[in-house]
Amino acid sequence: MNLDPFNGLTEFLAVAELKNFTQAAARLGVTPTAVSHAVKTLEKRTGVVLFQRTTRRVALTEAGMTLYSRLRPAAGEIDDALAALSGYRDRPMGTLRLTVPRLSGKLLIEPLIPRFREAFPDVVLDISLDDAAVDLVTQGFDAGIRLGESIDKDMVAVRLTPDLKWSVVGSPDYFAKAGKPTTPEELTAHETIGYRFLTSGMAHRWEFERAGREFTVGVQGGLIVNDRNLMIAAARAGQGLAYVSDFEVMEDLASGALEPVLQSFVPPSSGLYLYFPARTQSQPKLRAFIDLATAWIAEKRGL
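Residue indices begin from 1 for each chain and proceed along its sequence in written order. Selection of residues for local features in this predicted model requires a pLDDT of at least 70, selection of side-chain atom pairs for listing and counting requires 80 or more, and totals for whole chains, interfaces and linings are taken over all residues. Side-chain descriptors were evaluated using all non-hydrogen atoms of the structure, hydrogens and water having been removed beforehand.

Draft legend 1. Summary view of the packing of aromatic side chains. Pairing of aromatic rings covers Phe, Tyr and Trp, the last counted by its six-membered ring, and requires centre-to-centre distances within 6.5 Å; plane angles under 30 degrees mean stacked, over 60 mean edge-to-face, and any other angle means tilted. Enumeration over the complete set of coordinates arrives at ten aromatic pairs. Aromatic pair Phe 116 and Phe 289: ring centres 5.6 Å apart, planes at 65°, arrangement edge-to-face. Here Phe 289 lies in helix α9 (residues 284-300) and Phe 116 lies in helix α5 (residues 105-119), a separation of 173 residues in the sequence. On the numbers, 6.1 Å between centres and 35° between planes, the contact of Phe 208 with Phe 215 is tilted. The classification of residues rests on relative accessible area computed with a 1.4 Å probe and restricted to protein chains. Under 20% of the type maximum is buried, over 50% is exposed, and intermediate values are partly exposed. On the accessibility criterion, Phe 208 (0% relative accessible area) is buried. By relative accessible area, Phe 215 is classed as buried at 13%. Here a set of aromatic residues connected by ring pairs shows up, and it is made of Trp 166, Trp 206, Phe 208, Phe 215 and Tyr 243. Our definition puts a charge over a ring when NZ of Lys or CZ of Arg is within 6 Å of the ring centre and also within 35 degrees of the ring normal. Over the face of the ring belonging to Phe 141 we find Arg 97, whose NZ or CZ atom lies 4.2 Å from the ring centre. Over the face of the ring belonging to Tyr 195 we find Arg 228, whose NZ or CZ atom lies 4.7 Å from the ring centre. Counting from the N terminus, the helices are the DSSP runs of H or I reaching at least four residues and the strands are the DSSP runs of E reaching at least two.

Draft legend 2. Quick peek at the sheet that holds strand β13 (residues 259-261). Being paired, for any two strands, means DSSP has found at least two bridges between them. Sheet architecture is open: three strands sit in the order β12-β7-β13, paired in antiparallel fashion. The outermost strands of the open sheet, each flanked by one partner alone, are β12 (242-245) and β13. Adjacent strand axes in the sheet meet at a mean angle of 50° when their direction is disregarded. As paired strands, strand β7 (residues 166-170) and β12 are joined by four bridges and run antiparallel to one another. If you follow Trp 166 over to β12, its bridge partner there is Ser 245. Should any heavy atoms of two residues lie within 4.5 Å, those residues are considered in contact. All axes here are fitted lines through C-alpha atoms, helices being fitted over the stretch that makes contact, and every angle between N-to-C directions spans 0 to 180 degrees. The sheet strands contacting helix α7 (residues 228-236) are β7 and β12, and the helix crosses β12 at an angle near 120°.

Draft legend 3. Here's a closer look at the environment of Ala 133. The residue Ala 133 is located in the loop between β4 (123-129) and β5 (143-147) in this model. Residue classification places Ala 133 among the exposed positions, given a relative accessible area of 76%. Ala 133 sits 18 residues away from Ile 151 along the chain, and the two C-alpha atoms are 8.5 Å apart.

Quick look at the structure:
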């Protein structure tokens, strides 16, 4: 049977400092009998007498003094280590590990990073770009960002964006050359840019809706990528059509670098949410990120 090596040490240290079993018991919130029993058990386990006890006084033996001189600095280190934990409770610090989808990288995460780092320099941001489903607990993440429809029901979810609109987009040069499709079925005659999910290796399916019925179109093209920024850049360069969220290409749509088509056929999806286990939401580092992110997004939307 393996005994806890720390058994009796708290009681020993209290008696050694106060030279009194009753006072040691009062400090520890236990009975003098419990303290005496703990010390006797420690002496039995170590095989040495640690205190000289009379009716009038308590004193350390030579062996007890040796043990105390070694334990006191270590106990101080433990006290300091426990005190340092209060920093995690009182202010944002430590490492905040986030898993976020690639579509949120440029327009959501990139602008937030410098703002968060400036406001909370004691927090290390550890960000993983991943479109796959991630188990936060087993993979050691504090929180994640995903489309609301893909988040498990047992997670706390904080909305970051409205529902996302999606479009098929192309450059003015491409449309001048190939024309604009008017139905999803016409996409089979167009050059398209495919997106392959990095983790699963599966291709993104182009989803459409007509008269309440959802369907997909099997598109083919000469370019398939696993990076959304590269996909959008290729569409901007006239290499074909891409299926994207308006959130990703808002600047290109505003400038006219990309133009949307088939909008009436493309269903919206749930917005992006920050999600995390309920037990982690009280962490100052996570609360700081939630507050900063939601405030910045509200500002961007003019709310």
